[in-house]
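This is what each chain is made of:
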Amino acid sequence: MKKDLADVPGRLAPTSTLEVDHVTKRYGSGDTEVAAVREVSLSVAAGEIVLIMGPSGSGKTTLLSMLGALLKPSAGEIRLNGEVISAMRENHLPDIRLRKFGFIFQDFNLLSALSALENVAIVAELAGIKRSAARKAAAILLTNLGLGDRLNFLPEKLSGGEKQRVAIARALINDPALILADEPTANLDSKIGHEIMRLLRQIAKKQGRSVVIVSHDQRIKDIADRVLWLEDGQFKDMVTMATDPVCGMTVELDNEIKIEWEGQLFYFCAKGCRDEFFSHPEQFSSRSVQPVKG
Amino acid sequence: MTRLAFRNLFQNKIRMVISVGGVALALMLILSLDAIFTGVEQRITVYIDNSGADIFVSQSDVRNMHMASSSLPDSVTRIVKAVPGVAKVTPISYISNYVVMGDERNLAYIIGLPDMAEFGGPWKISSGGSLPEEGEAIIDRAIAEKSGVHLGDEVKILGEEFEVAGLAEETSSLVNSVAFISMDDFAELRGNYDTFSFLLVKVKEGVSPQDTAKRIEAWVRDVTAQTTEAFSNQERKVVKDMSTDVITIMNLIGFLIGLAVMALTVYTATLARRPEYGVLKALGARNGHLYRAVLAQALISVAIGFAVGLAITLLLSAIIPRLGLSMVLQVSSASLLKVGGLSLVIAGISAVLPIRQISGLDPAVVFRSK
Ligand SMILES: Nc1ncnc2c1ncn2[C@@H]1O[C@H](COP(=O)(O)OP(=O)(O)OP(=O)(O)O)[C@@H](O)[C@H]1O
Ligand SMILES: [Mg+2]
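Computed from a predicted model, the values in this text were never measured in an experiment. (Residues numbered from 1 in each chain as written. Chains lettered and ligands numbered in written order. Predicted model: local features only at pLDDT ≥ 70, side-chain atom pairs only at ≥ 80, totals over all residues. Heavy atoms only, no water.)

Caption draft 1: Representation of the pairing of strand β14 (residues 264–267) of chain A. All names here are of chain A. Two elements, strand β13 (residues 258–261) and β14, share four bridges in a ladder whose sense is antiparallel. When the bridges of β14 are listed, tryptophan 261 appears paired with glutamine 264. Connecting β13 to the antiparallel partner β14 that follows it, the hairpin turn spans two residues, and glutamate 262 within it adopts a positive phi of roughly 50°. (Pairing = 2+ DSSP bridges. Helix = DSSP H or I, 4+ residues; strand = E, 2+ residues; numbered from the N terminus.)

Caption draft 2: Quick peek at the packing of aromatic side chains. Within this structure, the stated rule accounts for 14 aromatic pairs over all chains. Between the aromatic rings of Phe103(A) and Phe367(B), the centroid separation amounts to 6.2 Å while the plane-to-plane angle is 65°, which identifies the pairing as edge-to-face. With Phe103(A) in strand β6 (residues 101–104) and Phe367(B) in the segment after α12 (355–359), this pair bridges two chains. Taking the relative accessible area as the measure of exposure, Phe103(A) reaches 1% and is therefore buried. Of the residues examined, Phe367(B) reaches a relative accessible area of 3% and is grouped as buried. Pairing Trp261(A) with Phe277(A) gives two aromatic rings, centres 6.1 Å apart and planes at 90°, and the pair type is edge-to-face. Separated by 16 residues along the polypeptide, Trp261(A) in strand β13 and Phe277(A) in helix α7 (residues 271–279) bring together distant segments of the chain. Residue Trp261(A) shares its accessibility class with Phe277(A), and that shared class is buried. One aromatic cluster is present, formed by Phe56(B), Tyr94(B), Tyr109(B), Phe198(B) and Phe231(B) through successive ring pairs. In this structure, Arg105(B) packs its charged tip against the face of Tyr98(B), placed 4.4 Å from the ring centre. A cation over a ring is seen here: Lys202(B) above Phe119(B), with NZ or CZ 4.7 Å from the ring centre. (Phe/Tyr/Trp six-rings, centres within 6.5 Å; stacked < 30°, edge-to-face > 60°. Buried < 20%, exposed > 50% of the residue type's maximum accessible area, 1.4 Å probe, protein only. Lys NZ or Arg CZ within 6 Å of the ring centre and 35° of its normal.)

Caption draft 3: Inspection of the domain arrangement of chain B at higher detail. Residues and elements named next belong to chain B. Annotation of chain B at the domain level lists domain 1 (2–44 + 243–369) and domain 2 (61–221). If you average the C-alpha positions of domain 1 and of domain 2, the two centres end up 48 Å apart. Taken together, the seven residues of domain 1 in the interface contact eight residues of domain 2. Each partner contributes to the roughly 740 Å² buried at the junction of domain 1 and domain 2, and carbon and sulfur atoms together form 62% of this total. Joining domain 1 to domain 2, the criterion identifies one residue pair in polar contact (both at pLDDT 80 or more). Across the side of domain 1 that touches domain 2, the residue classes break down as four nonpolar, two polar and one charged. (Domains from an automatic or database assignment. Contact = heavy atoms within 4.5 Å. Buried area = accessible area lost by both parts, 1.4 Å probe. Polar contact = N/O pair within 3.5 Å; in protein donor to acceptor, adjacent residues only side chain to side chain. Nonpolar A, V, L, I, M, F, W, Y, C, P; charged D, E, K, R; others polar.)

Caption draft 4: Spotlight on the interface of chain B and chain A. In this assembly, 25 residues from chain B lie in contact with 30 residues from chain A. A combined buried area of about 2500 Å² lies between chain B and chain A, and 59% of that area is made up of carbon and sulfur atoms. Counting across the interface, chain B meets chain A through three salt bridges. Glu118(A) is the partner of Arg7(B) in a salt bridge, and the nearest nitrogen-oxygen pair spans 2.2 Å. Elements that contribute at least two residues to the side of chain B that touches chain A include exactly α1 (2–11) and α9 (274–283) of chain B. No other element matches α9(B), which puts six residues into the side of chain B that touches chain A. Split by residue class, the side of chain B that touches chain A holds eleven nonpolar, five polar and nine charged. (Salt bridge = Lys/Arg side-chain N within 4 Å of Asp/Glu carboxyl O.)

Caption draft 5: Inspection of helix α2 (residues 93–100) of chain A at higher detail. Those residues of α2(A) not exposed but buried are Leu93(A), Pro94(A), Ile96(A), Arg97(A) and Leu98(A). Considering only its buried residues, α2(A) is in contact with β6 and α3 (116–126) of chain A together with α9 of chain B.

Caption draft 6: Main features of the pairing of strand β7 (residues 154–157) of chain B. Residue and element names in this part refer to chain B. Side chains Val155 and Ile157 project from β7 onto a buried face, and the interleaved Glu154 and Lys156 project onto a face without burial. As judged from the two bridges shared by strand β3 (residues 86–101) and β7, these two strands associate in the antiparallel manner. Residue pairing in the sheet places valine 99 in a bridge with isoleucine 157 of β7. Sheet topology places β7 next to strand β8 (residues 160–168); four bridges connect them, and they run antiparallel. Bridge pairing in β8 links isoleucine 157 to glutamate 160. Connecting β7 to the next strand, β8, in antiparallel fashion are two residues, including leucine 158 with a positive phi near 50°.

Caption draft 7: The arrangement of the site of ligand 1 in detail. Near ligand 1 the following residues occur: Tyr27(A), Ala36(A), Pro55(A), Ser56(A), Gly57(A), Ser58(A), Gly59(A), Lys60(A), Thr61(A), Thr62(A), His216(A) and Arg368(B). The site occupied by ligand 1 is bordered by residues of chains A and B. Interatomic distance of 2.5 Å between a side-chain N/O atom of Ser56(A) and an oxygen atom of ligand 1. The contact in question runs from an oxygen atom of ligand 1 to an N or O atom on the backbone of Ser58(A), over 3.2 Å. When ligand 1 is considered free in solution it has 630 Å² of accessible area, and contact with the protein chains removes 63% of it. Ranked by residue count, the leading element in the shell around ligand 1 is helix α1 (residues 60–67) of chain A, at three residues. (Near = heavy atom within 4 Å. Areas by Shrake-Rupley, 256 points an atom, 1.4 Å probe, with all protein chains shown as cover.)

Caption draft 8: Summary view of the environment of Ser208(B). All names here are of chain B. By secondary structure assignment, the location of serine 208 is in the loop between β11 (198–203) and α7 (209–219). Distance in space between the C-alpha atoms of serine 208 and isoleucine 355 is 61 Å, their sequence separation being 147 residues. A polar side-chain atom of serine 208 sits 3.0 Å from the main-chain amide nitrogen of aspartate 211.

Caption draft 9: Expanded view of the packing of helix α2 (residues 13–44) of chain B against helix α11 (residues 333–352) of chain B. Residues and elements named next belong to chain B. The N-to-C vectors of α2 and α11 enclose an angle of 165°; their axes lie 10 Å apart at closest approach. Our classification of the angle between α2 and α11 gives roughly antiparallel. Remark: the crossing between α2 and α11 carries right-handed chirality. From α2, Leu27, Ile30, Leu31 and Asp34 reach across to α11, where they touch Ser335, Leu336, Lys338, Val339, Leu342, Ser343 and Ile346. Looking at the contact of α2 with α11 residue by residue, the classes come out as seven nonpolar, two polar and two charged. (Axes fitted to C-alpha atoms, helices over the stretch in contact; angles between N-to-C directions. Parallel < 35°, antiparallel > 145°, perpendicular 65-115°, else oblique. Left-handed = near helix turned anticlockwise from the far one by under 90°.)

Caption draft 10: Quick peek at the confidence of the model for chain A. Residue and element names in this part refer to chain A. Residue-level pLDDT values for chain A average 87, and 90% of them are 70 or greater. Low pLDDT, under 50, characterises residues 1–5; the predicted model gives this stretch eleven contacts beyond four residues in sequence or across chains. Contacts from residues 288–294, a stretch scored under 50 in pLDDT, to residues over four places away or in other chains number 18 contacts. (pLDDT = per-residue confidence, 0-100.)

Right under this line is the structure:
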């Protein structure tokens, strides 16, 4: 029988905190300048799961990239255990990315020519671990994640959920204090998405790693310790939300695109979804409204 | 990173075949041309090397056979024979001319051999006799075959008819062959009975050819005496001097083709992998790691291309003699070294081109590849 989803082993994590202090990111200059993130402050404790939600274009990815030292803030400071990583010289950053952060992406971003095992091991090798030791560690990690019989598979031979677990193993291999995930469940069906979420929770709770997730996925709220709402590059109070019954996107309750059908109110992210709803209302109305409180 | 280079390379088979094949062909061009000329160099001295002589004595300051003529008076034979250390001598006459078979004219070294010559004649006979009598000629087997000439047929040398009395092996090269006639016929054709061209000398056992050659030069007036090895080297040098320009140009062309193919495939391969290199950067790879992957990819393709090119050239050099062609491909270690060096340069340069693609890569793109 296939292992459903293995438990990640516990770990005595070095406690670490990430502090974001009045961080701003501006793209472009002059007339075309866009402030994607504005004066954002945030602190993430060890073992904490923070979910960042918000409309498209609100700056979530920009913020996450800055947290992961992939992008330099235009102003403000980002500190990891007191060390200011936002001011570090470019040639110190690879080491920080390699050892302090684990990244998880929406479209997995595995290297297509490498096997599952090699995809994980290569990151350990980059950190200076010997090849044999790196492969061994990768094999153990993948086996713990239920991929023991998939070690030598190329990514194209793996399902979406398997790929994301390989990506999680890759994110964990150098024992980072912080996991950063951008829409980790967007390309997965709901059951698999749920498994991945559980896994992320275990990683935070059992291993004491901080996890920052950017997502539109309402269900991630269940596992998050804290949900933040980013809008126009700033954290706002969480408004009451509804779920678009057609596409499953989170929609604000003051959204203009809404209809009443059989006594219930339905909210939509766009006119397209509303029109689709109209064509088969009975099909969508069952998984309806559930307004959620932030 | 080398592993990644390997995997990347072998994942896209078509691109690999193009790059490896292109490099292999380009290197093969260089290798086989070198091999052809090395073969020619070697074959051009085939008579000298197989004459059985230890020393070649020629007219003063004549140091080779090709495009040269030497004339020695008959008396030299007697005097040289008296030089201490000399065991045997054979005078030969030589001229560069044609063996005409029907409509075909084949450039040849015509060698006039004395009766009863103990050495200096053909060393490997495939059929017929090995010493030409009056009115007879011994010509190369491959040339004869090509022109459909058999034992007993007539050929024309220096305007006279000769009967083919023997067929010799290993006496032809891409550019010429060796034909043997009797010394008397040679003299008659040239109208000159008192001189000959070279004196072939065998030394006594245990005697150094070098010392003996020096002694001959000291004892005999107006001659140059060289060991067979030195004489052979001089002969080769003549061919080398004629072929260097051609070889240089062809090397350059081969190098440029190989470089173009390699640079293009490495560049496009890097471009195609850009998103993945971006992912690696985001995960913490340094530019140096990624350069190494690109360089390794170029080195691996060039190494495979080199191996394939060499294999094909060696195969050709094994097959061509069997086809009965008067061509020999000889892969020399100097040529291998040169082509190996060129391969490294090709790999190095083609890996430089995509450097900007990598260093300019922003790791933050990983979140935007959707
Ligand atoms: N490299 C860039 N150059 C210029 N503008 C950019 C760049 N990256 C993002 N932006 C702009 O910054 C704003 C925030 O973008 P960001 O990708 O962070 O949003 P997001 O919240 O992740 O959106 P989504 O939910 O659609 O992924 C957008 O207006 C976007 O157009
Ligand atoms: Mg985004």
